[in-house]
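Residue-level listing of the chains:
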Amino acid sequence: MWRNRFIFICGLLAISAYVFGAAAIPEPISTAIPAAERSEAPEPKSGPTDGSFAQALADVEAELSARSSTAISIPVAEELTILRRLSLALHGTIPSLEEIRRFESDARPDRLDRATKQIIEDPRTADYVAERLSRSFVGTENGQFIVFRRDRFLNWLSTELNEGRPFNETVRDMISARGLWTDRPAANFITAAVTDDQIDNAELTGRICRAFLGQRIDCAECHDHPFAEWKQTDFEGLAAFFETTDISPLGIHEKSIAEIASQRATSEIGEPMVPFYSEGLTDGESPRDRLAAWIVDPQNKRFGRAVANRMWWLLFGRAYHAPVDDIPDPGDESTRLLDILGEDFATHQYDLRRLIRLIASTSAFRAASAIEGIDQSRFETAQDEWRIFPVSRLRPEQIIGSMLQAVQIRTADADDQFLFRLIRFVRERDFVDAYGDPGDEVPADASATIPQALLRMNGRFTRELTEANPFTGTGRISAFSSDVDTAVATAFLCVLTRRPHANELESIRPWMKQSDATFESSQLEDLMWVLMNSPEFAWTH
């Protein structure tokens, strides 16, 4: 009995510490405490400016300007809007109230550049980017558990990104991996293509071309490509690099010389060949090692272009050239910007963080998403030329992640208590299952389906998250706001990452106010529900 009482008291103390430790709303933004003393985020590792980065950005801007045919002036988006875009693209959630307060308390003129680097270097970026990339690398299914562990691959990829390892080395490990999929997580890139205890060479070939070369040549497995230059022999030559790879209970390995000789004698395996840049194919290594080295060779421009297009797609919600995994040949006039980004990526040791930072610093990423006074045709032209930031619907994991973040006040990260992280994991999984996972695709530019809208409006997630209790942001805002205007402004910052406009405040204030300063928590619950179900919440803009 005493043991149970002791556990109960410890649990009660832990919950109390969490509630009251996290309950306080971060200070108002107007607080005039020096920025350097208020900031809790680590300083970025790299300096705010450097010559090569500035030159690369100037080259990108020159290309964007050269491709512009519109003479209209596009305003720059609000800084909080840009912060929201970055957080959604790299963390999968909206920024927390804690992060907004910290950003606005920084009075330095380059605070947006600093915040960009802090977001990129945050471990949450490695986790989310790894999840998004892994969808194109190994798919979204868990596959055959005996030979494939997606979770191990995802954790490994996240660690690689978080440690800032050159991306070409990471990709090289995936293609040339050997050993057990549990001991060598990179080997799961190969075992994801195992069917009936056999490695599907055709699947591997198609996936590598899409993910690392930005080329769809799958149809060439059966016939010459009807519209592009790819021949069936090109596909067979690439697939031959995997014909000496085998899987056994000991893991992924290369076949013995005797086995290979026997297969060659009976013409069971073809001659490994590459469809272009054959001078970059080295000798003396195993076929997979040779293929991996060829793909990430700095002179193989398609690799850098493919990664740059995918990072652009991740940040904008739309690829610079669509489809994201089928882009023209290097040097094509319409994709010169990918040449510039890919060249800078290769020159700087395939630093993925630098590439993301370069794209996020462009005028295209920081442009407003709406402009008044132009007709639809000119608007669409400006959007096609990347003069206006394209709006796109949030993915399901971004919606549930943002809903959970909006009611947290503090930043939801790996330092959260285990119980909260467990609840978040279960809720995210259930919501994504119910909402529908688009896989590697970006949701179409259309409204949500009726079941999806009903899930957000009437689902238990929304109801539980907007309840005013000591565990939710609604309850904390209600408890700690000094008046109605403060409560409304805080709710808008938590959910929409902006303050209410004057007309919005005028409309909400009479409805919320019970007296000069008081309001019912149930009314704040309704306001949080309305904001979470607004179109503005469900879109990146």
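Cut-offs and rules
- Throughout this description, residue numbers start from 1 for each chain and increase along the sequence as written.
- At least 70 in pLDDT is required for a residue's local features to be given in this predicted model, at least 80 for side-chain atom pairs to be given and counted, and no such filter applies to totals for whole chains, interfaces and linings, which use all residues.
- Excluded from the side-chain calculations are hydrogens and water; all other atoms, namely the structure's heavy atoms, are used.
- Here a strand is any run of E in DSSP of at least two residues, a helix any run of H or I of at least four, and the numbering for each starts at the N terminus.
- Two residues qualify as a contact provided that any one of their heavy atoms is within 4.5 Å of a heavy atom in the partner residue.
- Here the open area of atoms and residues is found with the Shrake-Rupley method and a 1.4 Å probe, where only the protein chains shown may cover a residue.
- The predictor reports its confidence for every residue as pLDDT, a score running from 0 up to 100.
- Take the buried residues of types Ala, Val, Leu, Ile, Met, Phe, Trp, Tyr and Cys, join any two whose side-chain atoms come within 4.5 Å, and each joined set is a nonpolar core.
- Each residue is assigned to one of three classes by its accessible area relative to the maximum for its type, calculated with a 1.4 Å probe on protein chains only: buried under 20%, partly exposed between the two thresholds, exposed over 50%.
- The split into domains, and so the bounds of each, comes from an automatic or database assignment of domains.
- To define axes, lines are fitted to C-alpha atoms, for helices over the stretch in contact only, and angles between the resulting N-to-C directions are given on a 0 to 180 degree scale.
- An angle below 35 degrees is treated as roughly parallel, one above 145 as roughly antiparallel, one from 65 to 115 as roughly perpendicular, and anything else as oblique.
- Rotating anticlockwise by less than a right angle from the far helix to the near helix defines a left-handed crossing, while the corresponding clockwise rotation defines a right-handed one.
- Pairing of aromatic rings covers Phe, Tyr and the six-membered ring of Trp, with a centre-to-centre limit of 6.5 Å; geometry is then stacked below 30 degrees between planes, edge-to-face above 60, and tilted otherwise.
- Criterion for a charge above a ring: Lys NZ or Arg CZ within 6 Å of the ring centre, and within 35 degrees of the ring normal.
- Two strands form a pair only when DSSP identifies at least two bridges running between them.
- Any residue with an atom within 4 Å of a point lines the site, the site being either a cavity, points on a 1 Å grid over the protein atoms alone where a 1.4 Å probe fits but cannot get out, or a pocket, an open set with protein on both sides within 12 Å along at least 5 of 7 lines.
- Grid points are joined across faces, edges and corners, and a volume is the space filled by probe spheres set on the points.
- Under the scheme applied, nonpolar residues are Ala, Val, Leu, Ile, Met, Phe, Trp, Tyr, Cys and Pro; charged residues are Asp, Glu, Lys and Arg; polar residues are all the others, including Gly.
- To be clear, the arc concerns the directions from the helix axis to the C-beta atoms.
- Put simply, a salt bridge is a Lys or Arg side-chain nitrogen that is within 4 Å of an Asp or Glu carboxyl oxygen.

- Per an unreviewed UniProt entry, the chain carries the name DUF1549 domain-containing protein and comes from Stratiformator vulcanicus.

**Some words on the overall build of the chain**
Right, on to step 1. When helices and strands are tallied, the chain shows 27 helices and six strands.
Right, on to step 2. If you take every contact in the chain between residues at least 6 apart in sequence, the share linking residues at least 24 apart comes to 71%.
Right, on to step 3. Working note: accessible area of the chain is about 24700 Å², and carbon and sulfur atoms make up 54% of it.

**Describing the confidence of the model for the chain**
Low-confidence regions, as indicated by low pLDDT, have predicted coordinates that should not be scrutinised in detail.
Right, on to step 1. Per-residue confidence for the chain gives a mean pLDDT of 85, with 84% of residues at or over 70.
Right, on to step 2. Averaged pLDDT values over the elements of the chain bottom out at 38 in helix α2 (residues 35–38) and peak at 98 in helix α17 (residues 352–360).
Right, on to step 3. In the model, residues 26–39 has pLDDT below 50 throughout and makes 20 contacts with residues more than four positions away in sequence or in other chains.

**Regarding the nonpolar core**
Right, on to step 1. Membership of the largest hydrophobic core comes to 135 residues, with the highest contact counts inside it found for Phe137, Phe167, Phe189 and Phe212.
Right, on to step 2. Two domains each put at least three residues into this core: domain 1 (125–296) and domain 2 (392–540).
Right, on to step 3. Excluding residues within four positions of it along the chain, phenylalanine 189 makes contact with Phe137, Val138, Phe153, Met174, Ile175, Leu204, Arg207, Ile208 and Phe212.
Right, on to step 4. Counting eight residues, the second largest nonpolar core, distinct from the first, contains Ile74, Ala367, Phe379 and Ile388.

**Looking at the packing of helix α25 (residues 484–496) against helix α27 (residues 521–532)**
Right, on to step 1. Interhelical geometry of α25 versus α27 gives an angle of 30° and a closest axis separation of 10 Å. Relative to α27, the element α25 lies roughly parallel. Considering the relative orientation of α25 and α27, their crossing is right-handed. Along the contact surface, α25 presents Ala487, Val488, Ala491, Phe492, Val495 and Leu496, while α27 presents Leu524, Leu527, Met528, Leu531 and Met532.

**Describing the packing of aromatic side chains**
Right, on to step 1. All chains considered together, the criterion is met by 16 aromatic pairs.
Right, on to step 2. Taken together, a centroid distance of 5.6 Å and an interplanar angle of 55° make the contact between phenylalanine 303 and tyrosine 350 tilted. Of this pair, phenylalanine 303 sits in helix α15 (residues 301–316) while tyrosine 350 sits in the loop between α16 (336–347) and α17, placing them 47 residues apart in sequence.
Right, on to step 3. By relative accessible area, tyrosine 350 is classed as buried at 5%.
Right, on to step 4. It is arginine 85 that lies over the ring of phenylalanine 389; its NZ or CZ is 3.8 Å from the centre.
Right, on to step 5. Between arginine 132 and the ring centre of tryptophan 313, over which it is positioned, the NZ or CZ distance is 5.0 Å.

**Describing the pairing of strand β4 (residues 251–254)**
Looking down a regular strand, the side chains alternate between one sheet face and the other.
Right, on to step 1. Note that strand β3 (residues 245–248) and β4 share four bridges and pair antiparallel. Across the sheet, aspartate 246 pairs through a bridge with histidine 253, a residue of β4.
Right, on to step 2. Hairpin connection of β3 to β4: two residues between the antiparallel strands.

**What about empty space enclosed by the protein?**
Right, on to step 1. This model, assessed by the stated rule, comprises four cavities of 30 Å³ or more.
Right, on to step 2. As for the second largest cavity, its lining consists of Ile120, Glu121, Asp122, Thr125, Ala126, Val129, Leu161, Asn162, Leu352, Arg353 and Ile356.
Right, on to step 3. For the lining of the second largest cavity, the elements supplying multiple residues, two or more each, are α6 (111–121), α7 (123–137), α8 (150–162) and α17.
Right, on to step 4. In the lining of the second largest cavity, the residues fall into six nonpolar, two polar and three charged.

**A word on the environment of arginine 456**
Right, on to step 1. Within the fold, arginine 456 resides in helix α22 (residues 450–458).
Right, on to step 2. When the C-alpha atoms of arginine 456 and phenylalanine 431 are compared, they prove to be 9.4 Å apart, with 25 residues separating the residues in sequence.

**Some thoughts on helix α26 (residues 502–512)**
Right, on to step 1. Every buried residue of α26 is listed here: Leu505, Ile508, Arg509 and Met512. The arc enclosing the buried residues of α26, seen along the axis, measures out at 110°, which places them on a common side. With respect to the buried face of α26, the exposed residues turned more than 90 degrees away are Asn503, Ser507 and Pro510.

**Observations regarding the pattern of salt bridges**
Right, on to step 1. Scanning the model with the defined rule gives 29 salt bridges in all.
Right, on to step 2. For the salt bridge of glutamate 397 with arginine 395, the shortest nitrogen-to-oxygen distance reads 2.8 Å. You'll find glutamate 397 and arginine 395 in the same group, each marked buried.
Right, on to step 3. Between aspartate 485 and arginine 509 there is a salt bridge, with the nearest N and O atoms lying 2.9 Å from each other. A residue pair is termed long-range when its members are at least 10 positions apart, and aspartate 485 in helix α25 and arginine 509 in helix α26 qualify at 24 residues.
Right, on to step 4. With relative accessibility at 29%, the residue aspartate 485 sits in the partly exposed group.
Right, on to step 5. Several salt bridges converge on common partners, so that one network encompasses Glu160, Arg165, Glu169 and Asp173.

**Remarks on unusual backbone geometry**
Only a minority of non-glycine residues have a phi that is not negative, and only a minority of peptide bonds are not trans.
Right, on to step 1. Cis geometry is found at the peptide bond from alanine 322 to proline 323, where omega equals 0°.
Right, on to step 2. For glutamine 349, which is not glycine, the phi dihedral falls at a positive 55°.
Right, on to step 3. The residue glutamine 349 is located in the loop between α16 and α17 in this model.
Right, on to step 4. Of note, tryptophan 386 is a non-glycine position whose phi angle comes to about 65°, a positive value.
Right, on to step 5. Within the fold, tryptophan 386 resides in the loop between α19 (376–384) and β5 (392–393).

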